[in-house]
Amino acid sequence: MCPACGGSLDLSVSKTEAEEIIEGQLRCTACASSFPIIRGIPRFADPGAVESDKQATAENFGWQWRHFTQEDQRYAEQLLGWIAPVTPEFFRDKVVLEGGCGKGRHTQLAAEWGAREVIGIDLSEAVETAFPATRSLPNAHIIQADIYHLPLARKFDYAFSVGVLHHLPNPRQGFLSLASKVKPGGHLSAWIYGAENNEWITRFVNPVRERVTSRINPRLLVQLSKIPAAMIFLATKTVYGPLNRSARGTAIARHLFYNDYLKSIAGFGWREQHTIVFDHLVAPTAFYISRDEFADWWREIGVDDPDINWHNQNSWRGFGRIP
Ligand SMILES: C[S@@+](CC[C@H](N)C(=O)[O-])C[C@H]1O[C@@H](n2cnc3c(N)ncnc32)[C@H](O)[C@@H]1O
Ligand SMILES: [Zn+2]
């Protein structure tokens, strides 16, 4: 539906390739708004024309997901960690929405796990990677849109968002907007950075991220971020990974700094670990949110008993049924 007025949209098609509409227009039947379909993607937002606090975020992540386009076998396990207790079977026959799909890796998994339809939305140019990544899946669709102004009706059985809300200028509003698209009785998952246990980041890393790394040319950041990424790679491959794999080692590893998180990424290769470090440093906006604050978001949408869990002892994942 029209993100401006909620009216329905008329489609005109000017180019198709197999089942895909490659070029066309979506015109609102109620107001004068019109939205182009370009390179297979309906464009409801222009990342260059949104408010400045969203623009910088979209620009940096757009660059990131056009550069780090690799796929990894471990994405499925990682996603299931972020959306637990949801399992692959949960997706079967559901109409699913992903808020902030990045390069489309999770939209792809949702489609492969049997979602009836899954729509991945993202504000940034990441959609240029997400569309080809999901193109062969007839039940996966990519839309360029702002999470605050979704061109979608309240028709979803399940919506999820991982690693997105904390990068919004107002995370709670983004959460409310996503939740507003879930049908009564449907479900919602969100994963966000936690305030708890991350004081070392908020005190020492954030000032560098805010003043330097999110502002420099991303090409330079690719090179600079190899320094912390190499330190983490060495630590995970020689200490955290091996210790956590043995019964006796686990007892020792428990006492290591940030063990749960570093253990969780220890299986990834260099490219993925470098992506993770780059991802943290490139974001102009990042909120670290407490459990109490997160629980309050759920209360606001009427979910009094959300399943909120501490993930890797550094972040919060929530799951709940919309009343
Ligand atoms: C850290 S990435 C996570 C991407 C994906 N969820 C994943 O885990 O691979 C954050 C994503 O949020 C998107 N994003 C940021 N602000 C947004 C907004 N206002 N509306 C929609 N997407 C947004 C960015 O473009 C980026 O792709
Ligand atoms: Zn309209």
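Residues numbered from 1 in each chain as written. Chains lettered and ligands numbered in written order. Predicted model: local features only at pLDDT ≥ 70, side-chain atom pairs only at ≥ 80, totals over all residues. Heavy atoms only, no water.

Section: the environment of Gln-64
Stated precisely, the cut-off is as follows: Per the convention used, a helix needs a DSSP run of H or I reaching at least four residues, while a strand needs a run of E reaching at least two, with both numbered from the N terminus. When checking whether two residues touch, look at their non-hydrogen atoms; a contact exists if any pair is within 4.5 Å.
Turning to its location among the elements, Gln-64 is positioned in helix H1 (residues 52–67). The sequence separation of Gln-64 and Gln-78 amounts to 14 residues, and the corresponding C-alpha distance is 19 Å. Among all residues touching Gln-64, those that are not within four sequence positions of it are Phe-278, Asp-279 and Val-282.

Brief notes about the coordination of the zinc ion (ligand 2)
Going by this rule: A donor here means an N, O or S atom no more than 2.8 Å from the metal, or no more than 3.2 Å when the metal is Na, K or Ca. Since water is not included, a site may seem to lack partners. Here the metal geometry follows the donor angles, with tetrahedral for four donors whose angles all fall between 85 and 135 degrees, square planar for four and octahedral for six when opposite donors are more than 155 degrees apart and every other angle is between 65 and 115, and irregular for all the rest. Only protein chains enter the calculation, and the probe is 1.4 Å; a residue is then buried if its accessible area is under 20% of its type maximum, exposed if over 50%, and partly exposed in between.
Within the first shell, the zinc ion (ligand 2) binds the protein through Cys-2 (SG), Cys-5 (SG), Cys-28 (SG) and Cys-31 (SG), at distances of 2.2 to 2.4 Å. Geometry at the zinc ion (ligand 2) is tetrahedral, judged from its 4 donor atoms and the angles of 98 to 115 degrees they form at the metal. Written as a sequence motif, the donor arrangement for the zinc ion (ligand 2) is C-x2-C-x22-C-x2-C. Cys-28 sits in the buried class, given a relative accessible area of 9%. The class for Cys-31 is partly exposed, based on a relative accessible area of 28%.

A few points about helix H11 (residues 270–282)
Just so we agree on the cut-off: Here, expected helix span is obtained from the residue count minus one, scaled by 1.5 Å.
In this model H11 runs 18 Å from its N-terminal to its C-terminal C-alpha over 13 residues, within 8% of the 18 Å that 1.5 Å per residue would give. Residues Glu-272, Gln-273, His-274, Thr-275, Ile-276, Val-277, Phe-278, Asp-279, Leu-281 and Val-282 constitute the buried set of H11.

Digging into unusual backbone geometry
Backbone torsion omega between Ala-84 and Pro-85 reads 10 degrees, so that peptide bond is classified as cis. Mapped onto the secondary structure, Pro-85 falls in the loop between helix H2 (75–83) and strand S5 (95–99). Phi at Ala-18 takes a positive value of approximately 50 degrees, unusual for a residue other than glycine. Relative to the assigned elements, Ala-18 resides in the loop between strand S1 (9–17) and strand S2 (20–28). Judged by relative accessible area, which is 81%, Ala-18 ranks as exposed. Unlike most non-glycine residues, Arg-39 shows phi in positive territory, near 50 degrees. The class for Arg-39 is partly exposed, based on a relative accessible area of 48%.

So, the sheet that holds S1
Using the following cut-off: The criterion for strand pairing is that DSSP finds at least two bridges linking the strands in question.
Here 4 strands make up an open sheet; going across it, the order is S1-S2-S3-S4 and the pairing antiparallel. Each having just a single partner strand, S1 and strand S4 (41–42) make up the two edges of the open sheet. With 4 bridges connecting them, S2 and strand S3 (residues 34–38) associate as antiparallel partners. In the sheet register, Leu-26 faces S3, and the bridge partner there is Phe-35.

Quick notes on the packing of H2 against helix H3 (residues 105–112)
Rule in force here: The angle between two axes is taken between their N-to-C directions and runs from 0 to 180 degrees, where each axis is a line fitted to C-alpha atoms and a helix contributes only its stretch in contact. If an angle is under 35 degrees, it is roughly parallel; if it is over 145, roughly antiparallel; if it lies from 65 to 115, roughly perpendicular; otherwise it is oblique. By the convention adopted, Pro, Cys, Tyr, Trp, Phe, Met, Ile, Leu, Val and Ala count as nonpolar, Lys, Arg, Asp and Glu as charged, and the other residues, Gly among them, as polar.
Packing of H2 against H3 leaves a shortest axis separation of 10 Å and a crossing angle of 90 degrees. Between H2 and H3, the crossing angle belongs to the class labelled roughly perpendicular. Each of Tyr-75, Ala-76, Gln-78, Leu-79 and Trp-82 in H2 lies in contact with H3, whose residues at this interface are Arg-105, His-106 and Leu-109. Split into classes, the residues belonging to the contact of H2 with H3 amount to 5 nonpolar, 2 polar and 1 charged.

Thoughts on the pairing of strand S11 (residues 315–321)
Each regular strand displays side chains that alternate between the two surfaces of the sheet. The buried count for S11 comes to 6 of 7 residues, which makes it a mostly enclosed element. Here 7 bridges tie strand S9 (residues 182–193) to S11, and the two strands are oriented antiparallel to one another. Within S11, the position partnered with Ile-192 by the bridge is Trp-316. Where strand S10 (residues 307–311) meets S11, 5 bridges bridge the pair, whose relative direction is antiparallel. Its bridge partner being in S11, His-311 is matched across the sheet by Ser-315. Between S10 and S11, which pair antiparallel and follow one another directly, the connecting turn spans 3 residues, one of which, Asn-312, has a positive phi of 55 degrees.

Geometry only, nothing functional implied.
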